[in-house]
Amino acid sequence: MDDCETMTQYAKTYEKAAVIGGGLLGLEAAQGLLNLGMEVEVVHNAPYIMNRQLDQTAAGLLQRKLEQQGMRFRLEKETTHIMGRNRARGLMFSDGNRLETDLVVLAVGIRPDTGLVQGSSLDVNRAIIVDDYMRTSIPDIYAVGECAEHRGISYGLVAPLYEQCKVLAHVICGRKTAPYEGSVPYAQLKVAGIQVFSAGDIREEGNETALMEYDGMHGIYKKVMMCKGTVTGAILFGDTAESTSLLGMVRRGATIAELASQDKGASRAEQEAAKLPEEETVCACNGVNKGAILRAITADKLKTVEEVKCKTKASSSCGGCQPLVAALLKNASSSSSIADTAAAPAVQDPVAVCGCTHYDHDSLKKAMVSARCRTPAEVVSRLGWSRQQGCEICRPAVLYYLESLGLRDGSVSSQWAGEAAIQFPTQQDGEPLSASLWFMGLNGGKKTFSMPALVGGVAWEEAARIKERLLAVWRGCALPSPVAVAVCPGPEYSGGVLVHDIGLSRSPAGWEVYAGGHAEHPVRQGRLIGVLENAEEAVFMAAACLQIYRHHARYGENMWEWIERTDILLLRESVLDTAFRSELVGSLRDYNADRVTG
């Protein structure tokens, strides 16, 4: 961040910038400097840019695109000196030529930092040597990421780090795991308006060309490499819709027969969009999967990529997934394509709450606020109910919205009163309440979970305190649907944290808070909302998450259903904002105080 701030400040005063290194990071840095208004020249020591990820054809296409945006290049240049005393004034090359510049950015790769282990007995080559379980040469010492060398390779990308950490997490927890066998490197250029993707081994040495397509008129290039009949690498330029599919082929060593069997009828992007499963991530930058995009398209009748971007954040960062998003839009334009793609169930037009009214749940809430309804009678009269007493479907919904929106004045007619009861279980048969945690909805239904009997110890005592704290905060509150909360004192206990509406689990980093799990059909895994250092903050985060759910969900909507149609990133940002989290918890306290005094 300091480097970025320096470049931003220099761009306000100076005009010329030089980037040494024409790889992935160098080109992205150069694009950023162009956007800041500087004249940018990229200096690279190879015959063509991104020479580790692209072949000469793809690199030539990319260079022409970047030159059209204003970037300039000096290829096959070795920089020997950076000239200037107080600041950079220019570069000196090995051939004697010079380049005047005001700012120099070096993007020339990484060098593993092994200084920490110098003088120790750890085996070190270019980096710290590890085996397939990330173990170093000394027992109980592990290494992952850019400082680790596995089978002679030290990866300079973040994706291999994640894969290594998954193996290491199992090892540390004493669980069986498949060994780490290395990662397939892949790269996607994050420059607006340019689609570039590369995966696997794209070298000519030891490989053969399995497939090559070149459309010079539209600037589209595709090349797939193979070795002994299996797919080993791929390059895409101009159209990266196949990137997810090709990366999968490279990773599993798919045969060229699978490559040849692809349908040529539909456009490539539409074909790939149709094949992706619902849970497949489309936008890796913002964690948006195919199902979420399709639901947004159908529910909000989105027509353009820009509308999808605004609604879901897909393609709003690097833009690399934009072709796939466009293909999903095209597939979703006909109801038959949605039915054929095994995507999320099509979202129907808003359905009325019941036969008493034409309002659906979302429009009913807005209308109640707009009409300033305080009682069920006012809802019936002001919003044109067809039956004065409502029905068993709309009565609990109306009461819930009056309660959750803070509209209800406390007066309820006898016909409606029975629906307002909120039951909450107490201790039974001497069993401590802390052994199970219950949350009730207005409809009187209940949903429970159980945990092993409390066996003592600091971790269990802390978990019990969290449960009691949650009980104190949420006892008797109105919720759109029954909610089950699991509290687990550590990963070694099977508390079912990931398959409950709210889950709190103690970890080495603190307390993890999850939301949206579901143990019954359809099974859903809870989404990580945040990690807090202490138990009290975890309680506040869980309470804030439930408060948002309480205000924004539709009556009768399970938390997992609400999580799937809401913006998970926005939810995280909301509850991770300390001030906003305190405001949410404060509003809950005010609600409870008013309810008690009322």
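My aim in this report is to walk through the structure given alongside it, one point at a time. (Residues numbered from 1 in each chain as written. Predicted model: local features only at pLDDT ≥ 70, side-chain atom pairs only at ≥ 80, totals over all residues. Heavy atoms only, no water.)

Along the backbone of the chain there are 20 helices and 22 strands. For the chain, the residues scored as buried account for 47% of the 598 residues in total. Long-range pairs, those at least 24 residues apart, make up 53% of the contacts in the chain between residues at least 6 apart in sequence. Looking at the chain as shown, the accessible area adds up to about 30,000 Å², and 50% of this sits on carbon and sulfur atoms. (Helix = DSSP H or I, 4+ residues; strand = E, 2+ residues; numbered from the N terminus. Buried < 20%, exposed > 50% of the residue type's maximum accessible area, 1.4 Å probe, protein only. Contact = heavy atoms within 4.5 Å. Areas by Shrake-Rupley, 256 points an atom, 1.4 Å probe, with all protein chains shown as cover.)

This part is about the sheet that holds strand S11 (residues 196-200). Pairing within the open sheet is antiparallel, and its five strands lie in the order S10-S11-S14-S13-S12. Two strands bound the open sheet, and with one partner strand each, they are strand S10 (186-188) and strand S12 (208-215). Here the average twist between neighbouring strands, direction ignored, is 10°. Judged from the three bridges that link them, S10 and S11 form a sheet pairing that is antiparallel. Residue pairing in the sheet places glutamine 188 in a bridge with phenylalanine 197 of S11. Each of S11, S12, strand S13 (220-227) and strand S14 (230-237) touches helix H3 (residues 56-68); the most contacted strand, S14, lies at about 20° to it. Each of S10, S11, S13 and S14 touches helix H5 (residues 243-252); the most contacted strand, S14, lies at about 155° to it. (Pairing = 2+ DSSP bridges. Axes fitted to C-alpha atoms, helices over the stretch in contact; angles between N-to-C directions.)

Spatially, the four strands line up as an open sheet ordered S3-S2-S1-S7, and their pairing is parallel. The sheet is open, and its two borders are formed by strand S3 (72-75) and strand S7 (103-106), each paired with just one other strand. Geometrically, the sheet is characterised by an average inter-axis angle of 20° between neighbouring strands, direction not taken into account. Pairing between strand S1 (residues 16-20) and S7: four bridges, direction parallel. Paired with isoleucine 20 across the strands is leucine 106, a residue of S7. Packed onto the sheet, helix H2 (residues 24-35) meets S1, strand S2 (39-44), S3 and S7 and runs at close to 165° relative to S2.

Let us look at the packing of helix H8 (residues 290-300) against helix H10 (residues 322-332). Helix packing for two helices is described by the angle between their axes and how far apart those axes are. It is at 10 Å that the axes of H8 and H10 come closest, and there the two elements cross at 50°. In terms of axis orientation, H8 runs oblique to H10. As H8 runs across H10, the sense of the crossing is right-handed. Contacts between H8 and H10 pair Lys290, Ile293, Leu294 and Ile297 from the former with Val325, Leu328, Leu329 and Ala332 from the latter. (Parallel < 35°, antiparallel > 145°, perpendicular 65-115°, else oblique. Left-handed = near helix turned anticlockwise from the far one by under 90°.)

With that out of the way, let us pick up the pairing of strand S4 (residues 79-83). Side chains on a regular strand alternate between the two faces of the sheet. Where S4 lies against strand S5 (residues 90-93), four bridges are found, and the strand directions are antiparallel. Bridge pairing links isoleucine 82 to leucine 91 in S5. Hairpin connection between S4 and S5: a loop of six residues separates the two successive antiparallel strands, and glycine 84 in this loop has a positive phi of roughly 125°.

In most cases, non-glycine residues show a negative phi, while peptide bonds are predominantly trans. Histidine 521 connects to proline 522 through a cis peptide bond whose omega is -5°. Among the structural elements, proline 522 can be located in the loop between strand S21 (510-515) and strand S22 (527-532). In the Ramachandran plot, glutamate 76 falls in the positive-phi region, its phi being about 55° despite a non-glycine side chain. Mapping glutamate 76 onto the fold places it in the loop between S3 and S4.

The interhelical angle for the contact between helix H12 (residues 361-370) and helix H14 (residues 394-404), taken along N-to-C directions, is 50°, at an axis separation of 11 Å. Classified by the angle between their axes, H12 and H14 sit oblique to one another. The crossing of H12 and H14 is right-handed. For the pair H12 and H14, contact is made by His361, Leu364, Lys365 and Met368 and by Ala397, Val398, Tyr401 and Leu402, respectively. Residue composition of the contact of H12 with H14, grouped by class: six nonpolar, one polar and one charged. (Nonpolar A, V, L, I, M, F, W, Y, C, P; charged D, E, K, R; others polar.)

The next subject is the pattern of salt bridges. Summed over all chains, the structure comprises 21 salt bridges. Its salt-bridge partner being aspartate 131, residue arginine 135 comes within 2.7 Å of it at the nearest N-O pair. For arginine 135, a relative accessible area of 40% translates into the label partly exposed. In this structure aspartate 131 comes out as partly exposed when scored by relative accessible area, which is 27%. Here glutamate 163 and arginine 251 are joined by a salt bridge, their closest N and O atoms 3.6 Å apart. Within this pair, whereas glutamate 163 is found in helix H4 (residues 158-172), its partner arginine 251 is found in helix H5, the two being separated by 88 residues in sequence. Given a relative accessible area of 43%, arginine 251 falls into the partly exposed group. Linked by salt bridges that have partners in common, Glu39, Glu41, Arg72 and Arg74 make up one network. (Salt bridge = Lys/Arg side-chain N within 4 Å of Asp/Glu carboxyl O.)

Before going further, it helps to examine the side chain of histidine 518. In this fold, histidine 518 is placed in the loop between S21 and S22. Relative accessible area serves as the criterion here: at 6%, histidine 518 is assigned to the buried category. At a separation of 3.0 Å, a polar atom in the side chain of histidine 518 contacts the main-chain carbonyl oxygen of proline 522. (Polar contact = N/O pair within 3.5 Å; in protein donor to acceptor, adjacent residues only side chain to side chain.)

Moving on to a nonpolar patch on the surface. A cluster of nonpolar side chains, contributed by Ile82, Leu106 and Val108, occupies part of the molecular surface with about 290 Å² of accessible area. In this fold, valine 108 is placed in the loop between S7 and strand S8 (128-130). Taking relative accessible area as the criterion, valine 108 reaches 58% and is therefore assigned exposed. (Patch = residues over 30% accessible without salt bridge, like charges linked within 9 Å, V, L, I, M, F, W, Y side chains within 5 Å.)

Another aspect to go through is the nonpolar core. In a soluble, globular protein the nonpolar side chains are often hidden away together inside. One finds Ile502, Leu504 and Leu571 to be the most contacted residues of the largest nonpolar core, which totals 39 residues. The residues contacting leucine 571, other than those within four sequence positions of it, are Ile529, Cys545, Ile548, Trp562 and Ile563. By size, the runner-up hydrophobic cluster in this structure holds 35 residues, among which are Leu103, Val105, Val191 and Val196. (Core = buried A, V, L, I, M, F, W, Y, C linked by side-chain atoms within 4.5 Å.)

Moving on to H4. Counting along an α-helix, one turn takes 3.6 residues, and residues three or four places apart therefore face a common direction. Counted at 1.5 Å a residue, the expected span for H4 with its 15 residues is 21 Å, and the 21 Å between its end C-alpha atoms agrees. Every buried residue of H4 is accounted for by Ala159, Pro160, Gln164, Val167 and Leu168. On its buried side, H4 packs onto S10. Of the residues one or two after H4, glycine 174 is the one with positive phi, at around 75°. (Expected span 1.5 Å × (residues − 1).)

Glancing now at the environment of leucine 106. Along the polypeptide, leucine 106 turns up in strand S7. Take leucine 106: its relative accessible area is 54%, and that puts it in the exposed class. Remark: the alpha-carbon pair of leucine 106 and alanine 29, spanning 77 residues in sequence, is separated by 9.5 Å. Here leucine 106 is in contact with Ile20 and Ile82, once residues within four sequence places are set aside.

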